[in-house]
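In case you want the letters, here they are:
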Amino acid sequence: MRKVVSDALSGGGHNVIGEASNGREAITRYLELQPELMTLDIRMPEMDGLTALREIIAMDPCARIVMCSALGQERKVLEAIRAGAKDFVIKPFKTERVLDAVGKAMA
């Protein structure tokens, strides 16, 4: 799934500067790279995306994060938006929707 999001972003003219395989690594990468925008999956090993989102927002309230989720995770998506996520995309990812979410988050 990371490849699909990465390809969509690259194809839309964005520079992908890093990836993480779990929530804990996502926090570390955020601190190291200070990206303009980050995508997080709600379900990730070691630490889920909601927990990672909350930790990143606690450290950087201006962080721009777009959540990725599967159908049926509407409650978690709403929780993510309340916790500070700027937008979300639902799997399976469509390039146009990924780029729309990124555009909203960057505005």
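Under the annotation held in an unreviewed UniProt entry, the chain carries the name Response regulatory domain-containing protein and is attributed to Lepraria finkii.

(A) Spatial organisation of the overall build of the chain. Within the chain, the secondary structure is distributed over five helices and three strands. Order of helices (α) and strands (β) in the chain, N terminus to C terminus: α-α-β-α-β-α-β-α. Rg of the C-alpha trace for the chain: 12 Å, near the compact-globule value of 13 Å for 107 residues, within the 12% margin. Each principal axis of the C-alpha atoms in the chain carries an extent, and together these give about 30 × 30 × 25 Å. Expressed as a percentage of contacts within the chain between residues at least 6 apart in sequence, the contacts between residues at least 24 apart total 47%. Roughly 6,100 Å² of accessible area belongs to the chain as shown, and the carbon and sulfur atoms make up 54% of that amount. The average position of the 15 basic charges and that of the 15 acidic charges among the side chains of the chain differ by 4 Å.

(B) Spatial organisation of helix α2 (residues 23-33). What α2 keeps buried is the set Gly23, Ala26, Ile27 and Tyr30. Angularly, the buried residues of α2 cover 100 degrees about the axis, an arc narrow enough to put them on a single face. Looking at the buried side of α2, the elements it contacts are β1 (38-41) and α3 (49-59). Glutamine 34 sits one or two residues past α2 and shows a positive phi near 45 degrees.

(C) Seen up close, the packing of aromatic side chains. Tallied over the entire structure, the rule returns zero aromatic pairs. Over the ring of phenylalanine 88 we find arginine 97; its NZ or CZ atom is 5.8 Å from the centre of that ring.

What counts and how
Within every chain, residues take consecutive numbers counted from 1 along the sequence as written. Per-residue local features of the predicted model are confined to residues with pLDDT of at least 70, and side-chain atom pairs are confined, for both listing and counting, to 80 or more; whole-chain, interface and lining totals are unaffected and use all residues. Computation of side-chain values: all heavy atoms of the structure, hydrogens and water removed. Helix and strand assignments follow DSSP, with helices taken as H or I runs no shorter than four residues and strands as E runs no shorter than two, numbered in order from the N terminus. Atoms counted for the radius of gyration: C-alpha only. Globule rule: 2.2 Å times residue count to the power 0.38. Throughout, a residue-residue contact means that at least one pair of heavy atoms, one from each residue, lies within 4.5 Å. All accessible-area figures derive from a Shrake-Rupley calculation using a 1.4 Å probe, and residue coverage is judged against the displayed protein chains alone. The sign given to each residue is positive for Lys and Arg and negative for Asp and Glu; His and the chain ends receive no count. By convention, the charge on Lys lies at NZ, on Arg at CZ, on Asp at CG and on Glu at CD. Here's how the labels work: a residue is buried when its accessible area is under 20% of the maximum for its type, exposed when over 50%, partly exposed in between, all with a 1.4 Å probe on protein chains only. This arc describes the spread of directions from the helix axis toward the C-beta atoms. Only centres within 6.5 Å qualify two rings of Phe, Tyr or Trp (six-membered ring in Trp) as a pair; their planes then separate them into stacked at under 30 degrees, edge-to-face at over 60, and tilted for everything else. For a lysine, the NZ atom is tested; for an arginine, the CZ atom; a charge sits over a ring if that atom is within 6 Å of the ring centre and within 35 degrees of the ring normal.

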